[in-house]
Amino acid sequence: RGAHKRNRRLQGAPGASCLPLELFLPVHTRYMSPGLPPEADGAAGAAAQPAQGPSEAAGAAAFRRVHPLHYHQAFLAQGVRPDGRGLLRGRRAAASAAVVSSADGSAMAKLGQTTVLAGVQAVPTLPSEAEPGEGRVVISLDQPLAGGERGGQARQEREQSALSELLQRSAAGMVAAASLCIEEEKAVWECRCTLHVLEADGNLTDACLLAMLVALSDTALPAVRFSTGEGEGEDGTARVVVVGSETAPLSLEHRVFGVSFGLLDGRLLLDPTAEEEALLSTSFTLLLDSDGAFRGLHKPGGAPLDEATTRESLAAARKRLPALVAASSAKRAGLRF
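In this numbering scheme, every chain counts its residues from 1 along its sequence in written order. Under the rules for a predicted model, residues below a pLDDT of 70 receive no local features and side-chain atom pairs below 80 are neither given nor counted, while totals for whole chains, interfaces and linings still include all residues. To obtain the side-chain values, all non-hydrogen atoms of the structure were used and water was disregarded.

## Digging into the environment of A317
Thinking step 1. Counting from the N terminus, the helices are DSSP H or I runs at least four residues long and the strands are E runs at least two residues long. Within the element layout of this structure, A317 appears in helix α9 (residues 307-328).
Thinking step 2. Judged by its relative accessible area of 0%, A317 falls in the buried class.
Thinking step 3. Here the alpha-carbon distance between A317 and L287, two residues 30 residues apart in the chain, equals 8.9 Å.
Thinking step 4. Any two residues whose heavy atoms approach within 4.5 Å at even a single point are treated as in contact. With residues up to four places along the chain from it excluded, the contact list for A317 reads V259, F261, L286 and L288. Relative accessibility decides the category of a residue: with a 1.4 Å probe and only protein chains considered, values under 20% of the type maximum give buried, values over 50% give exposed, and everything between is partly exposed.

Structure (structure tokens):
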């Protein structure tokens, strides 16, 4: 009953959006002083905050649930976000290679709490008639749909479809298709890369691109030759014979990284969390190679971008890039599955 009364007072009718935020965020507003710079990782920023009393924590949590936009606006007005980051600071990026022993290449990537596992299987197959000397990379995305409001599942399906198309285009631009040829017109490699979303806390695009890149970089192809037997294998694959134990790394022409942004209350945010994504008026991803050259823009709908926002986001993306490049130079994992 007490919680119900508190919710009624918070929702209020007229003036509910104008409640004094200091009643709910006294500790947070003290933390947001100019003398305390926001941390790049939300966990570090949270650790720097003074301890909250039970009533303060309950009030802040209630306001955050009932008025999420106004809750975030209180932070954005002072140039920080609820997790302690600045508006154009990303979460910690990390990746490990060779995490799945049964795969020809694999990786796990993390952006904050967002975690993606990628595995690559190289399968010999018949080439297409149009490109008899080129192999291919096929990307699939495995992401469970979360429950939510009516129509939310359809929106998630559209977002997943757009992300899958982006990953497929990016992979096709990274891998030299001619390097996947075993014997022209007879056999080529088909590298099947599957990405599993283990935890989604916003910005799946950057995490998936990073996991895919590291997994493809980790992929090793065995030395094979085309079999003299007629026809194809039972499952439609080409007949090949492994020659020796040597392997060759997959040839990558470009290393493409994604840096994602969103506009919340007219302010540009880099690497948005899931909570922030629900409040964005638009979101987009800039694609850069390891040298910082612009490779493309991915923007599946939303409000249009003006020139000033595009320039600001490109400058911020190039500052963010070294952290992603460093994460992509992942060491092989000590623990494999």
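## A closer look at α9
Thinking step 1. If you check α9, its first and last C-alpha atoms are 30 Å apart, about what 22 residues at 1.5 Å a residue would give, namely 32 Å.
Thinking step 2. Two axes enter the definition of the bend at a residue: one is fitted to the seven residues ending there, the other to the seven starting there, and the bend is the angle between them. At R320, α9 shows its strongest bend, of approximately 35°, with the proline P322 following within four residues.
Thinking step 3. Restricting attention to buried positions, one finds in α9 the residues T309, S313, A316, A317, R320, L321, L324, A327 and S328.
Thinking step 4. Each element contacted by the buried residues of α9 is listed here: β1 (93-97), β2 (105-111), α7 (204-218), β9 (256-264), β10 (267-270) and β11 (282-289).
Thinking step 5. Throughout this description, a polar contact denotes any pair of N or O atoms lying within 3.5 Å of each other; where both atoms belong to protein, one of them has to be capable of donating a hydrogen while the other can accept it, and for residues adjacent in sequence the pair is counted only when both atoms sit in side chains. Near the N-terminus of α9, the side chain that reaches the backbone nitrogen of A308, with its oxygen 3.3 Å away, is that of D306. Helix span, expected: 1.5 Å multiplied by one less than the number of residues in the helix.

## Overview of the pairing of β1
Each regular strand displays side chains that alternate between the two surfaces of the sheet.
Thinking step 1. Going residue by residue along β1, you find A93, A95 and A97 tucked away on one face and A94 and S96 left uncovered on the opposite face.
Thinking step 2. Bridge count for β1 against β2 is five bridges, and the pairing is antiparallel. Bridge pairing links A97 to A107 in β2. Two strands are said to pair when DSSP picks up at least two bridges between them.

## Structural notes on the pattern of salt bridges
Thinking step 1. When a carboxyl oxygen of Asp or Glu is within 4 Å of a side-chain nitrogen of Lys or Arg, the pair counts as a salt bridge. In total, this model carries 14 salt bridges according to the counting rule given.
Thinking step 2. Notably, a salt bridge pairs R85 with E276, separated by 4.0 Å at the nearest N-O pair. On the criterion of sequence distance, the pair formed by R85 in the loop between α5 (68-76) and β1 and E276 in helix α8 (residues 274-277) is long-range, its members being 191 residues apart. Both residues of the pair, R85 and E276, belong to the buried class.

Keep in mind that these numbers describe shape and distance, not what the molecule does.
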